[in-house]
Amino acid sequence: MTGIAVAGAAVMLGIASGVLSAVMARRIVTPGARRTDDVRVKTVDLAAGTITLASTADSVLQGDYSFWFSNDRGHAHLGEVLRLTPTQVTRRILRVDHGDLARAERGRFGGYSFLGPWDLGLDFEDVDVPTEIGDAPAWLVPAEEPDGRWVIQVHGRGVARQETLRATPVFREAGFTSLLVSYRNDGEAPRSGDGRYSLGDAEWRDVDAAIAFAVARGATEIVLMGWSMGGAIVLQTATRSTLRDHIVGVVLDSPVIDWADVARFHGGLLGLPAVVSSGALEVLGRRWGGIFTGQTEPIDFRRLDFVTRAAELELPVLLMHSDDDGFVPADGSRSLAGRRPDIVTFLPFAVARHTKLWNYDRDGWNQAITNWLAEIAPTGRTARPDHPAGAVAD
């Protein structure tokens, strides 16, 4: 009886793991989950221009941040930390864009610092990028003196193109026209047939369409910049695009380099055994997995793994990641930088969280991009002899 009981328990455990894997897989590729307001508002003093919040890993960070409150009905911009205790933090209120902050009870921090290019005070154009599934809206911010150099900005999972506005000024100062794009299933661009993320394995085609759009508008040299999942999308574009001869370099902020790392990390946060995380990727990578996830096509995770594929990269890469990211572990970024020091310039952060590197250290972040752009040669394929394109900084 004991052996039967043990066998039965093993079967039940296997079934439970399988169910959890299927649930996790569906969650990974399904857009639209509302983000949680995870910071409690203690007090707001609009007259003094201050707000006191419960202390969290995000709320105590130095720098300037977005603060979405009241279930995204309001948005404010918060600045320097004025007072800090073990349980709460008081910050400067820089502006309230909309909503009644004085009545807010909870909110969440974000890296958005601008809600649209109008906040930058720059000329811009609303454009549509023709993709294979329909027109995808984008913002085009021209260089002061356009000369064919463009940067295409690709936002991350669960956010929108506003995320990338922070990079527009530094690229514009370097002479680049900026194209801030949307892609399938992000809430702005057309929905794919299955309405599911492909984690870069299909979204890259929308960025490829953006390259074609840019070339038609006079782009001759294009830098691709990706944030979080946008990094995975950019790497797919750089290696699969038929227009990759126009790409001269890649900038990555808090990127997904290997989805297996991300799945294991989030499984750990949920207290799930490793077999559940690996099982989720197995579900997503198999055609039969669509029964559980709603996908019409499986995801090729080997093609998305740029630790294993590091040798295939040819372009100069600027890679920036924080060790305390909290969403996308920096392990993959460090591994890629270690494997390809000849082309990868790695700027590590210790305390900046996920995609908030600019917010935490704006000057250092901007300078890293400025220096990197100056180091890659006009063709983007090689560096000046006295400035190697790849270096690992620790």
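Quick caveat: nothing in here was measured; it's all calculated off a predicted structure. Counting from 1, residues in each chain are numbered in the order their sequence is written. The predicted origin of the model limits local features to residues at a pLDDT of at least 70 and limits the giving and counting of side-chain atom pairs to 80 or more, whereas totals for whole chains, interfaces and linings rest on all residues. In computing side-chain values, all of the structure's heavy atoms are included and hydrogens and water are not.

**Describing the side chain of Thr-168**
Move 1: Secondary structure elements follow DSSP: runs of H or I of four or more residues count as helices, runs of E of two or more count as strands, with numbering from the N terminus. In this fold, Thr-168 is placed in helix 2 (residues 168–173).
Move 2: Between two residues, a contact is recorded if the distance between any of their heavy atoms is within 4.5 Å. Excluding its chain neighbours within four sequence positions, the residues that come into contact with Thr-168 are Leu-120, Leu-122, Val-141, Ser-178 and Leu-180.

**Observations concerning the packing of helix 3 (residues 204–216) against helix 4 (residues 229–240)**
Move 1: Look at helix 3 against helix 4: their axes get within 8 Å of each other, and the N-to-C directions meet at 60 degrees. The way helix 3 lies across helix 4 gives a crossing that is right-handed. The segment helix 3 lies against helix 4, with Trp-204, Val-207, Asp-208 and Ile-211 engaging Ile-233, Gln-236, Thr-237 and Arg-240.
Move 2: When grouped by side-chain class, the residues that make up the contact of helix 3 with helix 4 number four nonpolar, two polar and two charged. The axes are straight lines fitted to the C-alpha atoms, using for helices just the contacting stretch, and the angles between their N-to-C directions are given from 0 to 180°. Should the near helix be turned counterclockwise from the far one by less than a right angle, the crossing is left-handed, whereas a clockwise turn marks it as right-handed. We call Asp, Glu, Lys and Arg charged. Ala, Val, Leu, Ile, Met, Phe, Trp, Tyr, Cys and Pro are nonpolar, and the rest, Gly among them, are polar.

**Observations regarding the pattern of salt bridges**
Move 1: Each reported salt bridge corresponds to a side-chain nitrogen of Lys or Arg within 4 Å of a carboxyl oxygen of Asp or Glu. With the rule as written, the count across this model stands at 21 salt bridges.
Move 2: Close ionic contact of Asp-72 with Arg-108 constitutes a salt bridge, the shortest N to O distance being 3.0 Å. A residue pair is termed long-range when its members are at least 10 positions apart, and Asp-72 in the loop between strand 3 (65–69) and strand 4 (74–84) and Arg-108 in strand 6 (residues 106–110) qualify at 36 residues.
Move 3: Salt-bridge contacts for Arg-303 lead to Asp-300; the nearest nitrogen and oxygen are separated by 3.9 Å.
Move 4: Each residue gets one of three labels from its accessible area relative to the maximum for its type: buried under 20%, exposed over 50%, partly exposed in between, using a 1.4 Å probe on protein chains only. The exposure class of Arg-303 is partly exposed, given its relative accessible area of 31%.
Move 5: Relative accessible area serves as the criterion here: at 25%, Asp-300 is assigned to the partly exposed category.
Move 6: The network of salt bridges with common partners includes Asp-201, Arg-240, Asp-300, Arg-302 and Arg-303.

**Quick word on unusual backbone geometry**
Excluding glycine, most residues fall at negative phi; most peptide bonds, likewise, are trans.
Move 1: Backbone geometry places Ser-70, a non-glycine residue, at a positive phi of 55 degrees.
Move 2: Notably, Ser-254 is not glycine yet its phi reads approximately 50 degrees, a positive angle.
Move 3: Within the secondary structure layout, Ser-254 lies in the loop between strand 12 (247–253) and helix 5 (259–269).
Move 4: Taking relative accessible area as the criterion, Ser-254 reaches 0% and is therefore assigned buried.

**Things to note about empty space enclosed by the protein**
Move 1: Using a 1 Å grid laid over the protein atoms alone, points where a 1.4 Å probe fits but cannot get out form a cavity; open sets with protein on both sides within 12 Å along at least 5 of 7 lines form a pocket; any residue with an atom within 4 Å of a point counts as lining. Grid points are joined across faces, edges and corners, and a volume is the space filled by probe spheres set on the points. Throughout the structure, instances matching the rule amount to one cavity of 30 Å³ or more.
Move 2: If you add up the space inside the largest cavity, you get close to 30 Å³.
Move 3: Around the largest cavity, the lining residues are Pro-255, Val-256, Ile-257, Asp-258, Asp-261, Val-262, Val-328, Pro-329, Gly-332 and Ser-333.
Move 4: For the lining of the largest cavity, the class distribution of residues is six nonpolar, two polar and two charged.

**Here we look at the confidence of the model for the protein chain**
Move 1: In this model, the protein chain carries an average pLDDT of 92, and 91% of its residues clear a pLDDT of 70 or more.
Move 2: A residue's pLDDT is the confidence the predictor assigns to it, expressed on a 0 to 100 scale. Confidence over residues 5–13 falls short of pLDDT 50; this stretch has zero contacts with residues more than four positions distant or in other chains.
Move 3: A low-confidence stretch, residues 378–394 stays under pLDDT 50, and its non-local contacts, those more than four residues away or across chains, total 40 contacts.

**Digging into the packing of aromatic side chains**
Move 1: Working definition: a ring pair exists when centres of Phe, Tyr or Trp rings (six-membered ring for Trp) sit within 6.5 Å. Plane angles under 30 degrees give stacked, over 60 give edge-to-face, the rest tilted. Evaluation of the coordinates by the stated rule reveals 10 aromatic pairs.
Move 2: Note on Trp-118 and Trp-139: the rings are 5.8 Å apart at their centroids and 85 degrees apart in plane angle, and the pair reads as edge-to-face. Within this pair, whereas Trp-118 is found in the loop between strand 6 and strand 7 (125–131), its partner Trp-139 is found in strand 8 (residues 134–141), the two being separated by 21 residues in sequence.
Move 3: Look at Phe-171 and Phe-176: their rings are 5.7 Å apart centre to centre, the planes differ by 80 degrees, and that puts the pair in the edge-to-face class.
Move 4: On the basis of relative accessible area, Phe-171 is assigned to the buried category, the value being 0%.
Move 5: Feature note: the residues Tyr-65, Phe-67, Phe-69 and Phe-109 constitute an aromatic cluster, connected by ring pairs.
Move 6: Consider the ring centre and the ring normal. A charge sits over the ring if Lys NZ or Arg CZ is within 6 Å of that centre and within 35 degrees of that normal. For the cation-ring pair, Arg-161 lies above Trp-139, with the distance from its terminal atom to the ring centre recorded as 4.1 Å.

**Structural notes on helix 4**
Move 1: If you check helix 4, its first and last C-alpha atoms are 17 Å apart, about what 12 residues at 1.5 Å a residue would give, namely 16 Å.
Move 2: Where helix 4 is concerned, the buried positions are Met-229, Gly-230, Gly-231, Ala-232, Ile-233, Val-234, Leu-235, Gln-236, Thr-237 and Ala-238. Helix span, expected: 1.5 Å multiplied by one less than the number of residues in the helix.

**What to know about the layout of surface pockets**
Move 1: Space inside the second largest pocket adds up to approximately 270 Å³.
Move 2: Taken together, 18 residues line the second largest pocket, and the ones lying closest to its centre are Ser-198, Ala-202, Arg-205, Thr-296 and Glu-297.
Move 3: Split by residue class, the lining of the second largest pocket holds five nonpolar, six polar and seven charged.

**Looking at the sheet that holds strand 2 (residues 50–54)**
Move 1: Strands qualify as paired when DSSP identifies two bridges or more between them. With respect to topology, six strands assemble into a closed barrel ordered 1-2-5-4-3-6, the strand pairing being antiparallel. The sheet shows a mean angle of 45 degrees between the axes of neighbouring strands, direction not considered.
Move 2: Pairing of strand 1 (residues 39–45) with strand 6, which is carried by two bridges, proceeds in the antiparallel orientation. By the bridge assignment for strand 6, Val-39 is matched with Gly-107.

**Comments concerning helix 3**
Move 1: For helix 3, spanning 13 residues, the distance from its first C-alpha to its last is 18 Å, which sits close to the expected 18 Å at 1.5 Å a residue.
Move 2: All buried positions along helix 3 are accounted for by Trp-204, Asp-206, Val-207, Asp-208, Ala-209, Ala-210, Ile-211, Phe-213 and Ala-214.
Move 3: Considering only its buried residues, helix 3 is in contact with strand 7, strand 9 (149–154), strand 10 (177–181), strand 11 (221–227), helix 4 and strand 12.

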